[in-house]
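# Structural description and commentary
Here's the letter readout for the chains.
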Amino acid sequence: MSTPNRKNTRSALTALLETALVNGNLCQAVYGYQPSDFGGKSPVATVSSAGSMRGKQNRGVDKNEFYFNVHVFALYSDGASWNEDDAENAIDDIEAAVSRVVSINTTTNNWANIVITERTIADSVEIGGIEYRREVISVQITVFEK
């Protein structure tokens, strides 16, 4: 038996979010890592590793809990056609879509369970001198050793 790798689970989550958010015209990109620059794209989402907890279950099966942060970024304002209310609406719509992805993919071939673990956090951040509205969505995925 091989030990599950968090990288593979992060990749599977990123693919699901990319389908829902990019194909759903909510995001211009979904990254499976934290890029230092979004290349002018907005809104975008990122999926980053946020820790693991590994342990034994009954009958010697390993239970792996992988934690991820989904960060949603929306340009705060471009001073012209995109304004503060657009940024707020974008993070609200994307948060709802991420929640939907989690609720309809509770169990997949890649994991035994997925949940949003706590209240999301919305704030504003500056990246590369550009201000964004940001929301952080904490996700826990349970994977059993196969």
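Computed from a predicted structure; not experimentally measured.

### Re a negative patch on the surface
Taken together, the side chains of Glu-84, Asp-85, Glu-126 and Glu-131 define an acidic patch exposed on the protein surface. Considering the arrangement of structural elements, one finds Glu-126 in strand S5 (residues 121–127). You can call Glu-126 exposed: its relative accessible area is 62%.

### A look at the environment of Thr-107
Here Thr-107 shows up in the loop between helix H2 (84–104) and strand S4 (113–116). Placed 22 residues apart in sequence, Thr-107 and Asp-85 show a C-alpha to C-alpha distance of 35 Å. A polar contact of 3.2 Å, which involves the side chain of Thr-107, links it to the backbone oxygen of Ala-112.

### So, the packing of helix H1 (residues 6–21) against H2
Where H1 contacts H2, the axes come no closer than 10 Å and their chain directions differ by 130 degrees. One way to sum up the angle between H1 and H2 is to call them oblique. Regarding H1 and H2, the two cross each other, and that crossing is right-handed. For the pair H1 and H2, contact is made by Leu-16, Leu-17, Ala-20 and Leu-21 and by Ile-94, Ala-97, Val-98 and Val-101, respectively. Classifying every residue of the contact of H1 with H2 by side-chain character gives eight nonpolar, no polar and no charged.

Conventions used here
Residues numbered from 1 in each chain as written. Predicted model: local features only at pLDDT ≥ 70, side-chain atom pairs only at ≥ 80, totals over all residues. Heavy atoms only, no water. Patch = residues over 30% accessible without salt bridge, like charges linked within 9 Å, V, L, I, M, F, W, Y side chains within 5 Å. Areas by Shrake-Rupley, 256 points an atom, 1.4 Å probe, with all protein chains shown as cover. Salt bridge = Lys/Arg side-chain N within 4 Å of Asp/Glu carboxyl O. Lys, Arg positive; Asp, Glu negative; His and termini not counted. Charge placed at Lys NZ, Arg CZ, Asp CG, Glu CD. Helix = DSSP H or I, 4+ residues; strand = E, 2+ residues; numbered from the N terminus. Buried < 20%, exposed > 50% of the residue type's maximum accessible area, 1.4 Å probe, protein only. Polar contact = N/O pair within 3.5 Å; in protein donor to acceptor, adjacent residues only side chain to side chain. Axes fitted to C-alpha atoms, helices over the stretch in contact; angles between N-to-C directions. Parallel < 35°, antiparallel > 145°, perpendicular 65-115°, else oblique. Left-handed = near helix turned anticlockwise from the far one by under 90°. Contact = heavy atoms within 4.5 Å. Nonpolar A, V, L, I, M, F, W, Y, C, P; charged D, E, K, R; others polar.

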